[in-house]
Amino acid sequence: MAEARITLGVVAARQGDLDQAVNYGEWALKGDRQSLPSLLMVSRELAAIVNRDYATEAAGREYLDHLTTLTRTS
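Parameters and conventions
Residues numbered from 1 in each chain as written. Predicted model: local features only at pLDDT ≥ 70, side-chain atom pairs only at ≥ 80, totals over all residues. Heavy atoms only, no water. Helix = DSSP H or I, 4+ residues; strand = E, 2+ residues; numbered from the N terminus. Buried < 20%, exposed > 50% of the residue type's maximum accessible area, 1.4 Å probe, protein only. Contact = heavy atoms within 4.5 Å. Core = buried A, V, L, I, M, F, W, Y, C linked by side-chain atoms within 4.5 Å. Expected span 1.5 Å × (residues − 1). Arc of directions from axis to C-beta. Axes fitted to C-alpha atoms, helices over the stretch in contact; angles between N-to-C directions. Parallel < 35°, antiparallel > 145°, perpendicular 65-115°, else oblique. Left-handed = near helix turned anticlockwise from the far one by under 90°. Nonpolar A, V, L, I, M, F, W, Y, C, P; charged D, E, K, R; others polar.

### What to know about the overall build of the protein
Thought 1: Each helix and strand in the protein was counted, giving five helices and zero strands.
Thought 2: Shown N-terminal to C-terminal, the secondary structure of the protein runs as helices and strands in the order α-α-α-α-α.
Thought 3: In terms of principal-axis extent, the alpha carbons of the protein reach across some 30 × 25 × 15 Å.
Thought 4: Out of the 74 residues belonging to the protein, those deemed buried represent 39%.
Thought 5: If you take every contact in the protein between residues at least 6 apart in sequence, the share linking residues at least 24 apart comes to 61%.

Have a look at this one:
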């Protein structure tokens, strides 16, 4: 389910909807997950789009910071 949410986030980001993209991404990261490393790997595409297109916006930066924190703890 988390991977599907990440995919929805990627679609939203590509359509220019940062808020929806970040909402899906955060929802995936906060949900019950079996394998954090696997989820982080899947999250790379969304992170790349957010970093490329929205890194200067607060919501984009917060999402990227959350991913960075999770990566360090995994």
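### Let's talk about the nonpolar core
Thought 1: Within the largest apolar cluster, 22 residues are counted, with the highest numbers of intra-cluster contacts made by Ile6, Ala13, Leu29, Leu46, Val50, Tyr63 and Leu67.
Thought 2: Within the residue set of this core, elements represented by two or more residues are helix 1 (2-14), helix 2 (18-30), helix 3 (36-42), helix 4 (44-54) and helix 5 (58-73).
Thought 3: In contact with leucine 46, not counting residues within four places along its chain, are Ile6, Gly9, Val10, Ala13, Ala21, Gly25 and Tyr63.

### Some thoughts on the environment of leucine 70
Thought 1: By secondary structure assignment, the location of leucine 70 is in helix 5.
Thought 2: Residues leucine 70 and valine 10 lie 60 residues apart in sequence; the distance between their C-alpha atoms is 19 Å.

### Quick word on helix 1
Residues lying three or four places apart along an α-helix face the same way, a consequence of the helix completing one turn every 3.6 residues.
Thought 1: Between its terminal C-alpha atoms helix 1 stretches 19 Å, which fits the 18 Å expected from 13 residues at 1.5 Å a residue.
Thought 2: Among all positions in helix 1, only Ala2, Arg5, Ile6, Gly9, Val10, Ala12 and Ala13 are buried. Along the axis of helix 1, the buried residues cluster in a sector spanning 165 degrees; they form a single face.
Thought 3: Contacts from the buried residues of helix 1 go to helix 2, helix 3, helix 4 and helix 5.
Thought 4: Backbone geometry just after helix 1 places glycine 16 at a positive phi near 90 degrees.

### Here's the deal with the packing of helix 1 against helix 4
Between two packed helices, the angle of one axis relative to the other and the distance separating the axes together describe the packing.
Thought 1: Two numbers describe how helix 1 lies on helix 4: the axes approach to 9 Å, and their chain directions differ by 25 degrees. With respect to each other, helix 1 and helix 4 are oriented roughly parallel. Between helix 1 and helix 4 the crossing geometry is left-handed. Between helix 1 and helix 4, the residues in contact are Ile6, Gly9, Val10, Ala13 and Arg14 and Glu45, Leu46, Ile49 and Tyr54, respectively.
Thought 2: Looking at the contact of helix 1 with helix 4, its residues break down into six nonpolar, one polar and two charged.

The analysis is restricted to geometry; functional conclusions fall outside its scope.
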